[in-house]
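Structure at a glance
The chain contents come next:
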Amino acid sequence: MSAATLSPEESAAVYGAPLATRRIQPVWIEVENSEDRAYYLLSPGLDPHFYPASEAAEALAQGDAQKGAELDRRFRGLAFRNPVPPGATVSGFVLTNLDEGVKVVQLDLVANGRARTFSMFTAVPGFRGDYHASGVFKRELYAPGQVTDYTDDDAFRAALEALPCCATSKDGSRKGDPLNLVVVGGLEDAFPALVRRGWRPTEQTWSGSILRMASSFLSGERYAYAPVSNLYLFGRSQDLALQKARDNIHQRNHLRLWLSPMTYHGRQVWVGQISRDIGSRLTIHSPTLTTHKIDPDVDEARAALMEDMAYSQSLAKLGLVDGVGAATRSAPRKNLTTDPYYTDGRRSVLMFDRRPTSLDEIEILPWLALGK
Amino acid sequence: MNALLSLTLVFALVGCATWQAPAEMNDSALRSRAVSATNEGVRVSATVLSADETRRLLGTDLTGAQVQPVWVEIRNGTSQPKWLLRTGTDPDYFSPLEVAWSAHTTLGGRTNAAIDEHFDKLGFKNPIAPGTTRAGIVFTNPEQGIKLLNVDLLGQKTLVPLTLFLPVPQDSAAAGATAAQALFRYPASELTDHGDLDTLRAALERLPGATTQGEPLNIVLMGELEDIGAAVVRRNYRRDARAADMGQQVFGRSPDAVLRKQAEARAPSTWIRAWRAPLTFEGRAVYVGQAGRPVGGRFAPADATQVRTHEDVDEARNLLVQDMMYSGGLDKLGFARGAAAGERSDGLRAVLFFATRPLSLADVEILEWVSLGGR
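Note that the coordinates shown come from a computational prediction; the quantities given were computed from them, not determined experimentally.

This paragraph deals with the overall build of chain A. Scanning chain A from N- to C-terminus turns up eight helices and 22 strands. When contacts within chain A are restricted to residue pairs at least 6 apart in sequence, long-range pairs at least 24 apart make up 66% of them.

A separate point is helix α3 (residues 53-61) of chain A. For α3(A), the tally of buried residues reaches eight of nine residues, placing the bulk of the element in the interior. Taken as a whole, α3(A) has its buried residues at A:A53, A:S54, A:E55, A:A56, A:A57, A:E58, A:A59 and A:L60. In the core, the buried residues of α3(A) are packed alongside β2 (24-32), α4 (65-78) and β4 (89-97) of chain A together with α11 (313-325) of chain B. At the exit of α3(A) stands A:Q62, carrying a positive phi of roughly 50°.

All right, on to the sheet that holds strand β6 (residues 146-155) of chain B then. All names here are of chain B. Pairing in this open sheet of three strands is antiparallel, and the strands run β4-β6-β7 from one edge to the other. In the strand order of this sheet, the two ends are held by β4 (83-84) and β7 (158-167), each with one partner. Inspection of the sheet shows β6 paired to β7 by ten bridges, in the antiparallel sense. Note that in β7 the partner of G155 across the bridge is T158. Across the sheet, helix α9 (residues 225-234) is in contact with β6 and β7; its angle to β6 comes to roughly 85°.

Residue and element names in this part refer to chain B. With their axes 9 Å apart at the nearest point, helix α5 (residues 96-103) and helix α6 (residues 109-122) run at an angle of 145° to one another. Viewed along their axes, α5 and α6 form a crossing whose handedness is right-handed. Where α5 abuts α6, its residues P96, L97, V99, A100 and A103 lie against I115, D116, F119, D120 and L122. Across the contact of α5 with α6, the residue classes tally to eight nonpolar, no polar and two charged.

This part covers the domain arrangement of chain A. All names here are of chain A. When cut into domains, chain A gives domain 1 (2-123) and domain 2 (142-364). With 13 residues of domain 1 in contact, the opposing surface of domain 2 contributes 14 residues. Secondary structure elements with two or more residues in the side of domain 1 that touches domain 2: β5 (102-111) and β6 (114-123). No other element matches β6, which puts four residues into the side of domain 1 that touches domain 2. Considered class by class, the residues forming the side of domain 1 that touches domain 2 number five nonpolar, six polar and two charged.

Residue and element names in this part refer to chain B. Taken domain by domain, chain B consists of domain 1 (18-178) and domain 2 (183-366). The straight-line distance from the C-alpha centre of domain 1 to that of domain 2 is 29 Å. Every contact between the two is made by twelve residues of domain 1 and, on the other side, 13 residues of domain 2. Within the residue set of the side of domain 1 that touches domain 2, elements represented by two or more residues are β6 and β7. Tallied by class, the residues present in the side of domain 1 that touches domain 2 amount to five nonpolar, five polar and two charged.

Time to look at the sheet that holds strand β3 (residues 40-41) of chain A. All names here are of chain A. Taken together, the three strands give an open sheet; going across it, the order is β3-β5-β6, and neighbouring strands pair in antiparallel fashion. Only two strands of the sheet have a single partner each, and these edge strands are β3 and β6. Of the pairings in the sheet, the one linking β3 to β5 comprises two bridges and is antiparallel in character. Within β5, the residue paired with Y40 across the bridge is V110.

The next subject is helix α8 (residues 298-310) of chain A. Every α-helical turn comprises 3.6 residues, leaving residues that sit three or four positions apart pointing alike. Given a rise of 1.5 Å per residue, 13 residues ought to cover 18 Å, and the 19 Å separating the end C-alpha atoms of α8(A) matches this to within 8%. Of all the 13 residues making up α8(A), 13 are buried; the element is thus mostly covered by neighbouring parts of the structure.

Tracing the backbone shows B:R185 in the loop between α7 (177-180) and β8 (192-194). Given 11 C-beta atoms within 10 Å, B:R185 falls into the exposed group.

Residue and element names in this part refer to chain B. Put simply, chain B has an average pLDDT of 87, and 88% of its residues get 70 or more. Per-element mean pLDDT across chain B ranges from 44 in α7 up to 98 in strand β9 (residues 219-222). Taken together, the stretch residues 1-17 has pLDDT below 50 and engages in nine contacts with residues farther than four places along the chain or on a different chain. Counting contacts from residues 172-180, a segment whose pLDDT is below 50, to residues more than four positions away or on other chains yields seven contacts. As a predicted assembly, this complex carries a pTM of 0.85 together with an ipTM value of 0.84.

A few words on the environment of A:T202. Residues and elements named next belong to chain A. Position of T202 relative to the elements: it lies in the loop between β11 (200-201) and α7 (207-219). For T202, a count of 28 C-beta atoms within 10 Å puts it in the buried group. Each C-alpha atom of the pair T202 and Y264 lies 27 Å from the other, and the pair is 62 residues apart in sequence.

Quick look at the confidence of the model for chain A now. Residues and elements named next belong to chain A. Of the residues in chain A, 83% have a pLDDT of 70 or more, and the chain-wide mean is 84. Contacts of residues 128-134 to residues separated by more than four positions or lying in other chains number 14 contacts, the stretch itself having pLDDT below 50. Across residues 205-226 the pLDDT falls below 50, and counting only partners more than four positions away or on other chains, this stretch makes 40 contacts in the model.

Residue and element names in this part refer to chain B. Two elements, strand β14 (residues 330-337) and strand β15 (residues 348-354), share seven bridges in a ladder whose sense is antiparallel. Looking at β15, one finds that R337 is bridged to L348. For β14 and strand β16 (residues 365-366), the ladder comprises two bridges, and the chain directions are parallel. Its bridge partner lying in β16, L333 is registered against I366.

What counts and how
Residues numbered from 1 in each chain as written. Chains lettered and ligands numbered in written order. Predicted model: local features only at pLDDT ≥ 70, side-chain atom pairs only at ≥ 80, totals over all residues. Helix = DSSP H or I, 4+ residues; strand = E, 2+ residues; numbered from the N terminus. Contact = placed C-beta atoms within 7 Å. Buried ≥ 20, exposed ≤ 12 C-beta atoms within 10 Å, placed from the backbone. Pairing = 2+ DSSP bridges. Axes fitted to C-alpha atoms, helices over the stretch in contact; angles between N-to-C directions. Left-handed = near helix turned anticlockwise from the far one by under 90°. Nonpolar A, V, L, I, M, F, W, Y, C, P; charged D, E, K, R; others polar. Domains from an automatic or database assignment. Expected span 1.5 Å × (residues − 1). pLDDT = per-residue confidence, 0-100.

Right, here's the structure in full:
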C-alpha cells in the first residue's frame, strides 16, 4: 500500500480544476495485491463523506455542460477503480474532505471472507508542515526508562485511576476539562476506528483559522476546522485534537489526547478529554473571544463516543474506571472557559484491536458498571 | 421602579412566558400507542411523539429545532446489563441538553436551568440492569410517515438488535399518508421461493432492468426488512420519499420504500428506491431497486424541486456497497446482470444479502458471480 495526500496546488495541477476551493482533497492510493483473491478498497474508510468523482466534477463545472463533460472524463480517469485482482497493482485517487495540517489515511480493503487495514498519518503539504502532532508517532516522547508497561489488569486500572482529574492551564495552576477518556491502541487500530466514524484531526489555533471561525460563527455555517484551544497534561499541550463536525459550528464533538508514559501489554495508552459542543458563546476567557458552549453533562459525550466506537469495527474492549471525581448538577465544576460541567467522576477506557470486530464481539471489562 | 429593574422584570417575564414546566409527566398515552418487539429476552416499546405530546411532555414543541423525540421503553429480561447504542438508532442523534439549549432564552437564567433539568430527567439513561425496565426519550432527526427505529442493545460480547416501524403522528391534514406508506406485501400465492444461489441469480437477472420511466434498477437487497433496515439506519439512511422518487414505477407501482443518506456535515446524497419483488430466497424478502443520486449531488440546493438522476448510477451503486460493508449487517455480496446497461452503466446489479447477526468487515462473503470490471 502506498498513499500520498495532495496539496491544493498539486491537486489543481493533476485535476485541472481548483478542488481545494470546494474543500476537496485527493488522496493517491496504490494497492499491490499479492494474495490469492480480489480486494476492494472502501472509500468510506478514508472519509465517510468522501466525494464520488462525478460529483466533484459537477461541483467544479458549476453548471457549464461542456466543461462538466470534460472534467467528468478526467476525474473518472483518475479515480481509484475496484477491484484489485490477485497479482495486480491498481492505483488512483479517492476524493476526501480537505484536511489541513495532518491527515490520517485509513485504507480498508475487503476480500471474500477477509479484510486488511492500513493506516498512515501524513502531513499535508502546503499547510502547516510543523504541526507537532505529525511527530507524535515518529518521535519518542518518552525515554525507554520512563515508560511503565502494565500486564496486570488491576494494576493498570489503579494506574488509570491515579491520573490527574483534569487537564490544566499552561502553568498548571487552574483545572480545565475532566480527563474522562483513555484510549489503548495506536495508529494501526485506534485511529482507524476514529477516522471511520468521521473524526478528523484539527488544525491548531492560528490566525487564519480564528478569522474563518469568526465568519462561520456569524453565518452559522458548518466549518470543519473550528480551532481547539490548548489544554495541558504531562507538562505539554495535547498531542492530538480531533473533532467530529456536525451540522454547523455550534454543534461538534471535540476530543484531545495525550500519549501517556504507560503502555498496556506493550500498547500505547492515550489519556484525554471529550466534550460535546452544543453552541458558541462570547467569552473573555479565551484569546479567540468566542468559545464553545459544552454540554454540561460531560458523561453524555463520553458515552456517545463509546457508542460511536462500537460501530468502528475496531473496538475490542470497553470499561469505566474512577479518577475524575464526581461533580453534581447542583454543584458543578467549571472548565477553563468557565463552562459548568457535572459528572459521575468516571473515565471510559476504550481498547482497540486491529482485527475487525463485530458488534457482538465487544468485551465489557469487569470494572465499574457502565452508566449513562 | 427604576428603568433597570423594569427591564430585568421584562426579561424575566419573557423567560417565563416561553417555557412552562409541564404539569404532568404521564406517559400512558405514549404507552398505549407504542409499537413493541421482543428479541432474545429483551422487549422494546417505542412511540414517536406528536407535536402536541412534545409540548405536553417537554414544555416546548421544538418547532424549528428539527428534532423528533422518540419515547423508548426497554425491558431487559436477560441476566446481563444492556446498553442502548443511540448511535445505532440515529448516528446524528441529539443529547438531551443540546435540545434543551435550543429552548433556552437569553437571560433566561433560572428558567434555562429548569429546562435543562427537565430534559435531562426525560432523556433515556443507560444501562438497563438485568430484570429491570427503563423508559426515556431519544432525540432523533425527523422522519415522516413510518419511522424505521433501529434499536441496538449492547451486552457482554452480545448484541440484541431490534427494528420497529413506528407511525409518525400527523398533526396536519396528511393523515392518510401513513396507510399509503405502509409496505407493500404480495399474497403468498404470488411469491416464488428460491432455495439455492444459482436459481436465485437466474431469477434476479430476469427482474425488470429499469423502471417504467427508464431508470436502471441496479441493486437487489435481500433479507428480513428488519435486517436491511438496521443496516441502512446505522449508516445514516433515513426514509424520505419525494415526488421525483414516487414518479418512478416498477411492477405498476411507485417505490415501496425510499431511503436517503442524510448524515450531517455535507454527507453524500445517495438514495435507495426499492420495490418488493415477487420472489423470496430461503423465505426471505427480495427487493429490487435503484441506488442513485441527484444531479448536483450534495452541492445541489436543498430546496431543488427538479430532481434528475445523475447518469453515473454505477458509481452510486458501488458507493452503497462500500457503505454497507460498514453496517455490520452485510453477509454476502454478488454482482449479477439484468440492470439496464447504458453508456455510463455496465448493466450489473449489486446483490446484497443482509443478516441479523452482527458482522465485521472480514465476514463478508463475496460470491463468484459476475466480476466487477474496473469500477
